[in-house]
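Commentary on secondary and tertiary structure
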Amino acid sequence: MLVRAGAAAAATTLPGLRRLWRGGGSGAAACFPLGRALVDVRGAEAAPFLQGLLTNDVTRLVAGDGPPAAALPRALYAHALNVQGRCLYDVILYRLHESPDEEPHILLECDSGVLDAIQKHLKLYKIRRKVNIAPCLDLSLWAVVPGERAGDIARSLTKCADQALILTPDPRTEVMGWRLITKKGANLSEIIPGSRIGNIQDYHRHRYKQGVPEGVKDLPPGVALPLESNLAYMNGISFTKGCYIGQELTARTHHMGVIRKRLLPVHFSAPLPKDSIPEGAEISTESGKSAGKFRAGGGELGIALLRLANVNEPLCLNLAGDKVKLTASIPEWWPKPASK
């Protein structure tokens, strides 16, 4: 199951990442152990099977009559939606097969809290397709955020390819660095010389600062809408691929061109109390008008679903009668509006 990921990563540069990341230090990289799960999906019909369940064009991962395997993406971001077009699971897909002659083999990254649920979801729609679905309990998943010597990451991978199965740029946005998949117990300092194990809370702070949602707290199943969750901004949806579960509402919203609320990074005037903020706590303007809902956060940083019309106003989070002031911002990595 080894993947020659070095060649794909070697040509990748992230010009804006080190400017935006303030916790990377001067080493090659900070490696954050992620508490997310991996599901193995393989078989002759793996791509068409996932194609009908996910928002992105999964056929891009399969070499056929299209581009050669070397030109195919190593990873794709996507959501699985319910029939009402609301998010069930946020996933990253990783291509393990290397050539058109190999059996399609894909790893699916998901929130570990929904590992059983997503397996049941996949098997519900499997029917008689030639696909095998199983959890990968022998692998470890890491987020890799470069320091000053980002180039060392790609070069070092070729020296220890037996320990690194996947090293690829995060498909959502360059500010999230790389995703690394290794065997459990692999020595990261051998794969990425000079790297250090980072505190997972620093990873989440980085995510919140950049407004990148991940997992069920940020994207409540059956509640979050994909376009309000910036799925298109994070390269997670194809509007030309054809039918999939939840497509109708999503496509209609896209073609109407009106999205009044989006997930945004927020900064609080004081650190938030731990584990005492109710899910969906109300955020309001100074005049008391509803501006949106809090999703998740830690310390003075968080992520919230806010009306774009209120982004530049003073806002506050309502907590049991108390009000915590906050400011929202537009992430630098978002696409810039076209000039008129």
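A brief structural summary. Quick caveat: nothing in here was measured; it's all calculated off a predicted structure. (Residues numbered from 1 in each chain as written. Predicted model: local features only at pLDDT ≥ 70, side-chain atom pairs only at ≥ 80, totals over all residues. Heavy atoms only, no water.)

1. With respect to the overall build of the chain
In terms of regular secondary structure, the chain is built from eight helices and 16 strands. Only carbon and sulfur atoms are counted for the fraction: they give 52% of the accessible area of the chain, which is about 15700 Å². (Helix = DSSP H or I, 4+ residues; strand = E, 2+ residues; numbered from the N terminus. Areas by Shrake-Rupley, 256 points an atom, 1.4 Å probe, with all protein chains shown as cover.)

2. Observations regarding the sheet that holds strand S3 (residues 75-81)
Taken together, the five strands give an open sheet; going across it, the order is S3-S4-S5-S2-S6, and neighbouring strands pair in antiparallel fashion. Unpaired on one side and paired on the other, S3 and strand S6 (132-135) mark the two borders of the sheet. Strand-to-strand, the axes of this sheet are offset by a mean angle of 25°, without reference to chain direction. Both S3 and strand S4 (residues 87-95) contribute to a ladder of seven bridges, which runs antiparallel. When the bridges of S4 are listed, Leu76 appears paired with Leu93. (Pairing = 2+ DSSP bridges. Axes fitted to C-alpha atoms, helices over the stretch in contact; angles between N-to-C directions.)

3. Describing the environment of Thr182
Its place among the elements puts Thr182 in strand S9 (residues 178-183). Within the structure, the side chain of Thr182 is placed 3.5 Å from the side chain of Trp142, a separation counted as a polar contact. (Polar contact = N/O pair within 3.5 Å; in protein donor to acceptor, adjacent residues only side chain to side chain.)

4. Overview of the packing of aromatic side chains
Counted by the stated rule, this structure contains three aromatic pairs. With a centroid separation of 4.9 Å and 65° between ring planes, the pair formed by Tyr233 and Trp334 is classed as edge-to-face. Placement of the pair is Tyr233 in the loop between helix H7 (200-210) and helix H8 (247-256) and Trp334 in the segment after strand S16 (322-328), with a sequence separation of 101 residues. Under the relative-accessibility criterion, Tyr233 is labelled partly exposed at 25%. (Phe/Tyr/Trp six-rings, centres within 6.5 Å; stacked < 30°, edge-to-face > 60°. Buried < 20%, exposed > 50% of the residue type's maximum accessible area, 1.4 Å probe, protein only.)

5. Things to note about helix H4 (residues 115-126)
Across its 12 residues, H4 extends 16 Å between first and last C-alpha, which sits within 8% of the 16 Å expected from 1.5 Å per residue. Those residues of H4 that sit buried are Leu115, Ile118, Gln119, His121 and Leu122. An end-on view of H4 places all buried positions within 160° of arc, on one side of the element. H4 presents Asp116, Lys120 and Leu124 as exposed residues on the side facing more than 90 degrees away from its buried surface. (Expected span 1.5 Å × (residues − 1). Arc of directions from axis to C-beta.)

6. A closer look at the pattern of salt bridges
Throughout the structure, instances matching the rule amount to 14 salt bridges. The closest approach of N and O atoms between Lys293 and Glu282, which form a salt bridge, is 3.2 Å. With Lys293 in strand S13 (residues 290-298) and Glu282 in strand S12 (residues 282-285), this pair connects stretches of sequence that are 11 residues apart. Within this structure, Arg36, Asp90, Glu109, Asp170, Arg172, Arg179 and Glu214 form a network of salt bridges that share partners. (Salt bridge = Lys/Arg side-chain N within 4 Å of Asp/Glu carboxyl O.)

7. Thoughts on the sheet that holds S12
The six strands are arranged S11-S14-S13-S12-S15-S16 in a closed barrel whose pairing can be described as antiparallel. Strand-to-strand, the axes of this sheet are offset by a mean angle of 40°, without reference to chain direction. Bridging between S13 and strand S14 (residues 301-307) involves six bridges; their strand directions are antiparallel. Across the sheet, residue Gly292 finds its bridge partner in S14, namely Leu306. Each of strand S11 (261-268), S13 and S14 is contacted by H7, which is oriented at about 25° to S14, the strand it contacts most. (Contact = heavy atoms within 4.5 Å.)

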